Amino acid sequence: MKKYKILGVLAISAVMLTGCIDSMPELSSEESEMVAEYASGLLLKYSPNYNYMLVSDDELAAALNQRALEEMMQESETTQQTEEADAEEKTQEEAVPEADLTEEQEEEASEEAPVQMLVDMGTDLVPELGLAENVLLRYQSFEICDSYPQNASGFSGIDAKEGGKLLVMHFDLENDTEEAVDCQMFDYELRLRVTINDAVTKSAEEMPILPDDMMSFIGTIEAGEKTDVVAVAQIDEMSDSDITSLMLQITSSNGSCSIKIR
């Protein structure tokens, strides 16, 4: 009976409102939603097919905990994805592409540069390199050429590679004693490297075909005599005026030193 009374009141209200609809105030969307929600709730409350009841405190707490857990899991997943993306981006930024090296550059890079003492050009290199020879070894000069010796013919000389030059460094082997000295430079595994203009480093090549090659020299030096020996390195195309700085590093099986030539 109560249900029919409610429906009658709503019907009468609808008729009355229809008659004065022109005078109804305009409602905002939020206000309209509130009225609709209230009306729906009122109808459902008195509907015989609607079981209107509130959840218990335990059920409400369980639902809230479940919702909080889902939000935490979603936030954790988002944070992990962000960190992985940042780590990948950082790795890509730090990655440096390896440059293509020539065989000669790879060989030079693999050689560990020893710590060397800087000496004057006129210094006797025998004690610096730990040589047991009873001679004096001093740097003398250098030249840049296309072939060495420049008047060589056949197998006894060496030519610069195409597009390059030869850097020939001259040294004096001097016997200042009163007896002849048998000199065995080959036994000391000499290695020479030159750094040109603080940028390019080249190694001198051992050349047994040259009778005056310092690294492979074996010979007798008479008393009071001086012998010219050389170290030859293949370098890029350049002239003497192109070289603003020149550093020579010499190592042996017993020692090492550096000479600032220019």
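Residues numbered from 1 in each chain as written. Predicted model: local features only at pLDDT ≥ 70, side-chain atom pairs only at ≥ 80, totals over all residues. Heavy atoms only, no water.

**Some points on the overall build of the protein chain**
Okay, step 1: Looking only at helices and strands, the protein chain has five helices and 12 strands in total.
Okay, step 2: Counted over contacts in the protein chain with a minimum sequence separation of 6, partners at least 24 positions apart contribute 70%.
Okay, step 3: Accessible surface, the protein chain: about 18400 Å² in total, of which carbon and sulfur atoms supply 52%. (Helix = DSSP H or I, 4+ residues; strand = E, 2+ residues; numbered from the N terminus. Contact = heavy atoms within 4.5 Å. Areas by Shrake-Rupley, 256 points an atom, 1.4 Å probe, with all protein chains shown as cover.)

**What to know about the packing of aromatic side chains**
Okay, step 1: What the rule picks out here adds up to one aromatic pair.
Okay, step 2: Seen in terms of ring centroids, Tyr139 and Phe171 are 5.7 Å apart; in terms of plane orientation they differ by 80°. Their pairing is edge-to-face. Of this pair, Tyr139 sits in strand S2 (residues 136-145) while Phe171 sits in strand S5 (residues 164-174); the two residues are 32 residues apart in sequence, bridging distant segments of the chain.
Okay, step 3: For Tyr139, a relative accessible area of 8% translates into the label buried. (Phe/Tyr/Trp six-rings, centres within 6.5 Å; stacked < 30°, edge-to-face > 60°. Buried < 20%, exposed > 50% of the residue type's maximum accessible area, 1.4 Å probe, protein only.)

**Some thoughts on unusual backbone geometry**
Okay, step 1: Backbone torsion omega between Tyr148 and Pro149 reads -15°, so that peptide bond is classified as cis.
Okay, step 2: Here Pro149 shows up in the loop between strand S3 (147-148) and strand S4 (158-159).
Okay, step 3: Look at Asn197: it is not a glycine, yet its phi comes out positive at around 55°.
Okay, step 4: Among the secondary structure elements, Asn197 is positioned in the loop between strand S7 (191-196) and strand S8 (200-205).
Okay, step 5: We classify Asn197 as partly exposed; its relative accessible area is 29%.
Okay, step 6: Although it is not a glycine, Asp198 sits at a positive phi angle of roughly 60°.
Okay, step 7: One can find Asp198 in the loop between S7 and S8.

**Here we look at a negative patch on the surface**
Okay, step 1: Residues Glu83, Glu84, Asp86, Glu88 and Glu89 make up a contiguous surface patch of negative charge.
Okay, step 2: Within the fold, Glu83 resides in helix H3 (residues 57-94).
Okay, step 3: Since its relative accessible area comes to 53%, Glu83 is described here as exposed. (Patch = residues over 30% accessible without salt bridge, like charges linked within 9 Å, V, L, I, M, F, W, Y side chains within 5 Å. Salt bridge = Lys/Arg side-chain N within 4 Å of Asp/Glu carboxyl O. Lys, Arg positive; Asp, Glu negative; His and termini not counted. Charge placed at Lys NZ, Arg CZ, Asp CG, Glu CD.)

**Structural notes on the confidence of the model for the protein chain**
Segments scoring low in pLDDT should not have their predicted coordinates read at a detailed level.
Okay, step 1: In the predicted model, the protein chain carries a mean pLDDT of 78, and 66% of its residues have values of at least 70.
Okay, step 2: Low pLDDT (under 50) marks residues 96-101, which in the prediction has two contacts with non-local residues, meaning those over four places away or in another chain. (pLDDT = per-residue confidence, 0-100.)

**Structural notes on the nonpolar core**
If you look at soluble globular proteins, the nonpolar side chains tend to sit buried side by side.
Okay, step 1: Ranked by size, the top nonpolar core spans 38 residues in total, and within it Leu137, Phe171 and Leu192 carry the most contacts.
Okay, step 2: Listed by contribution, the elements that provide at least two residues to this core are helix H5 (125-129), S2, S5, strand S6 (181-184), S7, strand S10 (226-236), strand S11 (246-251) and strand S12 (256-260).
Okay, step 3: Listed in part, the nine residues of the second largest apolar core include Tyr148, Leu166, Met207 and Val232. (Core = buried A, V, L, I, M, F, W, Y, C linked by side-chain atoms within 4.5 Å.)

**What about the sheet that holds S11?**
Okay, step 1: Taken in spatial order, the eight strands make up an open sheet running S1-S12-S11-S7-S8-S10-S5-S2, and their pairing is mixed. Two strands close off the open sheet at either side, each with one partner strand: strand S1 (117-119) and S2. Averaged over all pairs of adjacent strands, the angle between their axes in this sheet comes to 30°, without regard to strand direction.
Okay, step 2: By the bridge criterion, three bridges tie S1 to S12 in an arrangement that is parallel. Following the sheet pairing, Leu118 is matched in S12 by Ser258. (Pairing = 2+ DSSP bridges. Axes fitted to C-alpha atoms, helices over the stretch in contact; angles between N-to-C directions.)

**Considerations on the pattern of salt bridges**
Okay, step 1: Counted by the stated rule, this structure contains five salt bridges.
Okay, step 2: Here Arg138 ties to Glu174 by a salt bridge, and the two come within 3.5 Å at their closest N and O atoms. You can see Arg138 sitting in strand S2 and its partner Glu174 sitting in strand S5, a full 36 residues away along the chain.
Okay, step 3: Judged by relative accessible area, which is 30%, Arg138 ranks as partly exposed.
Okay, step 4: Taking the relative accessible area as the measure of exposure, Glu174 reaches 21% and is therefore partly exposed.
Okay, step 5: In this structure, the salt-bridge partner of Glu237 is Lys165, at a minimum N-O distance of 4.0 Å. Linking Glu237 in the loop between S10 and S11 with Lys165 in strand S5, this pair joins segments that are 72 residues apart in sequence.
Okay, step 6: Three or more residues joined by partner-sharing salt bridges are found here, namely Asp146, Lys165 and Glu237.

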